[in-house]
Amino acid sequence: MRPPADAIGTLSLIVGAIALLIFIGVEGALVYAIWRYRATRHVAGEAATFEHNRRLEIAWTAAPALILVVVLALTLGTMAEINGAGVAPAMRIAATGHQWWWEFSYGGMKTANELHIPVDTPITLDLTSVDVIHSFWVPELGPKADMLPGTTNHLRLFARRAGSYDGQCAEFCGVEHAWMRIRVVAQTRSEFDDWLGLQGKPRTTVETDAEKIFLANICVSCHTIRGTDAKGTAGPDLTHVGSRATIGAGVLESTEANVVANMRAWVADPQRYKPGSLMPRVPLSDADLDALAAYLVSLR
Ligand code: CUA
């Protein structure tokens, strides 16, 4: 697959060259006319009048039309190339917008907010929404596309280099629109396969007292932790929540040092960090909060 950036570069050069030619032509004609018909060269008199000139009129209608047709053809070709026309996607991932987080499904295996993809692989995202219109946009990896409830749009993503790429919901979707961040982690094929293998497994910890706190509270009505009785689907799948670098679709960024504290703070009062979020405050004792946060972080 020819990388889209090269196609954009070529098109930009062609359009730039055409624009330069037009600029030189127009300015040249202007300077020539000023010089050729300057007052000192002519005795002032009646200005020349023209009725019409059919040939000229046809020429200056046809020439711009032709230029626009050429530019349109080049643009459509480049857009098709960026969207991966003629190249079968090597991988399809379903992405669903929620107020205010992202669900990613790899053939039914669900995760949230952090999209992992292999490098050098054309990815097709099948985009939809469960509530309002969102828009998926990671500027470095591809174009932007709306996520509409009730229909599926398609978007081509392509990462040439491994790394972390940030994106953002690009359609105003409610009070927490700004905190609907996307993180794409592009990995080598083997790193990606390891990640996918791990994410596909049920939770790896054995049942603990902390897990019982989760299962005994309202958490289970919205979240799934595969391997337990928690099978809610309204909120993000938490089976491997501890492996994600952010909490709440980017509102809290975790490092090794602060991850448990951040998780605790989030669970203790999501509305403090993301007012309007559908996640309610769950009344828990301090000890239960400590245990629950450590448990969630352990789900890697
Ligand atoms: Cu989702 Cu803005």
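Check the entry above for the structure.
Visitor: What exactly am I supposed to notice about the overall build of the chain here?
Guide: The helix and strand inventory of the chain stands at 8 helices and 12 strands. Relative to a compact globule of 300 residues, whose C-alpha radius of gyration would be 19 Å, the chain shows 29 Å and is clearly more extended. Viewed in the frame of its principal axes, the chain has a C-alpha envelope of about 100 × 40 × 35 Å. Expressed as a percentage of its 300 residues, the buried residues of the chain come to 38%. Long-range pairs, those at least 24 residues apart, make up 61% of the contacts in the chain with a sequence separation of at least 6. Accessible area of the chain: about 16,700 Å², with a carbon and sulfur share of 62%. Separation of charge centres in the chain, based on 26 positive and 30 negative side chains, amounts to 6 Å.

Visitor: Quick question: what am I supposed to make of unusual backbone geometry here?
Guide: In this model, Gln99 is joined to Trp100 through a cis peptide bond whose omega is -5 degrees. Backbone geometry places Asn113, a non-glycine residue, at a positive phi of 65 degrees. By secondary structure assignment, the location of Asn113 is in the loop between strand S3 (109-112) and strand S4 (114-118). Non-glycine residue Asp120 carries a positive phi angle of around 55 degrees. Here Asp120 shows up in the loop between S4 and strand S5 (123-129). Residue class for Asp120 comes out exposed when judged on its relative accessible area of 54%.

Visitor: What is the right way to look at the nonpolar core in this model?
Guide: Note that soluble globular proteins tend to have their nonpolar side chains buried in a common cluster. One finds Ile93, Phe104, Leu115, Ile117, Leu125 and Phe136 to be the most contacted residues of the largest nonpolar core, which totals 31 residues. Among the elements of the structure, strand S1 (91-98), strand S2 (101-106), S4, S5, strand S7 (145-147), strand S8 (153-157), strand S10 (181-187) and helix H3 (189-200) are those that each provide at least two residues to this core. Contacts of Leu125, omitting those with residues within four sequence positions, involve Ile93, Leu115, Phe136, Asn153, His154, Leu155 and Leu157. One finds Ile213, Ala268, Leu289 and Tyr295 within the second-largest nonpolar core, a separate group that totals 25 residues.

Visitor: I would appreciate a short explanation of the environment of Pro280 in the present structure.
Guide: With respect to the element layout, Pro280 can be found in the loop between helix H7 (270-273) and helix H8 (286-298). Counting along the chain gives 62 residues from Pro280 to Ile218, while the straight-line C-alpha distance between them is 9.1 Å.

Visitor: Please explain the packing of helix H4 (residues 209-216) against H8 as it appears in this structure.
Guide: Any two packed helices are characterised by how steeply their axes cross, that is the angle between the axes, and by the distance between the axes. It is the contact of H4 with H8, at a shortest axis distance of 8 Å, that shows an interaxial angle of 100 degrees. Judged by the angle between their axes, H4 and H8 are roughly perpendicular. Between H4, through Ala210, Glu211, Ile213 and Phe214, and H8, the contact on the second element is made entirely by Asp288, Ala291, Leu292, Tyr295 and Leu296.

Visitor: I tried to follow the packing of helix H6 (residues 259-268) against H8 on my own but got confused; where do I start?
Guide: The geometry of H6 relative to H8 is characterised by a closest axis approach of 8 Å and an angle of 120 degrees between their N-to-C directions. The angle between H6 and H8 falls in the class oblique. The interaxial crossing formed by H6 with H8 has right-handed handedness. Along the contact surface, H6 presents Val259, Val260, Met263, Arg264, Val267 and Ala268, while H8 presents Asp286, Leu289, Asp290, Leu292, Ala293, Ala294, Leu296 and Val297. By residue class, the composition of the contact of H6 with H8 is 11 nonpolar, no polar and 3 charged.

Visitor: Explain the side chain of Gln187 to me, please; I cannot follow it from the model alone.
Guide: With respect to the helices and strands, the residue Gln187 is situated in strand S10. Of the polar contacts made by the side chain of Gln187, one reaches the side chain of His116; its length is 3.0 Å. In this view, Gln187 contacts His116, Ile117, Pro118, Val119, Phe192 and Trp195; residues no more than four positions away in its chain are not counted.

Visitor: Help me understand the packing of aromatic side chains, please; the structure alone is not making it clear to me.
Guide: How two aromatic rings sit relative to each other is set out by the distance from centre to centre and by the angle between their planes. Tallied over the full model, the rule gives 6 aromatic pairs. Ring centres of Tyr106 and Phe192 lie 6.3 Å apart, and the angle between their planes is 45 degrees; this geometry places the pair in the tilted category. One end of the pair, Tyr106, is in strand S2; the other, Phe192, is in helix H3, and 86 residues separate them in sequence. In textbook terms, an aromatic cluster arises when at least three aromatic residues are bridged by ring pairs, as seen for Tyr106, Phe192 and Trp195. Positioned over the ring face of Trp137 is Lys144, at 4.6 Å from the centre of the ring.

Visitor: I'm lost on H3 in this one. Help?
Guide: Two residues of an α-helix separated by three or four positions point the same way, owing to the 3.6 residues in each turn. Across its 12 residues, H3 extends 16 Å between first and last C-alpha, which sits within 8% of the 16 Å expected from 1.5 Å per residue. The elements touched by buried residues of H3 are S1, S2, S3, S4 and S10.

Visitor: Is there a simple way to explain the sheet that holds strand S9 (residues 163-168) in this structure?
Guide: Across a sheet, strands are paired by hydrogen bonds formed along the backbone, either parallel or antiparallel in direction. If you trace the 3 strands from one edge of the open sheet to the other, you get S4-S10-S9, paired in mixed fashion. The sheet is open, and its two edges are formed by S4 and S9, each paired on a single side. Averaged over all neighbouring strand pairs, the angle between strand axes comes to 25 degrees, with direction disregarded. For S9 and S10, the ladder comprises 6 bridges, and the chain directions are antiparallel.

Each value, and the rule that gives it
Residues numbered from 1 in each chain as written. Predicted model: local features only at pLDDT ≥ 70, side-chain atom pairs only at ≥ 80, totals over all residues. Heavy atoms only, no water. Helix = DSSP H or I, 4+ residues; strand = E, 2+ residues; numbered from the N terminus. Rg over C-alpha atoms; globule rule 2.2 N^0.38 Å. Buried < 20%, exposed > 50% of the residue type's maximum accessible area, 1.4 Å probe, protein only. Contact = heavy atoms within 4.5 Å. Areas by Shrake-Rupley, 256 points an atom, 1.4 Å probe, with all protein chains shown as cover. Lys, Arg positive; Asp, Glu negative; His and termini not counted. Charge placed at Lys NZ, Arg CZ, Asp CG, Glu CD. Core = buried A, V, L, I, M, F, W, Y, C linked by side-chain atoms within 4.5 Å. Axes fitted to C-alpha atoms, helices over the stretch in contact; angles between N-to-C directions. Parallel < 35°, antiparallel > 145°, perpendicular 65-115°, else oblique. Left-handed = near helix turned anticlockwise from the far one by under 90°. Nonpolar A, V, L, I, M, F, W, Y, C, P; charged D, E, K, R; others polar. Polar contact = N/O pair within 3.5 Å; in protein donor to acceptor, adjacent residues only side chain to side chain. Phe/Tyr/Trp six-rings, centres within 6.5 Å; stacked < 30°, edge-to-face > 60°. Lys NZ or Arg CZ within 6 Å of the ring centre and 35° of its normal. Expected span 1.5 Å × (residues − 1). Pairing = 2+ DSSP bridges.

Read these as geometric descriptors, not functional statements.
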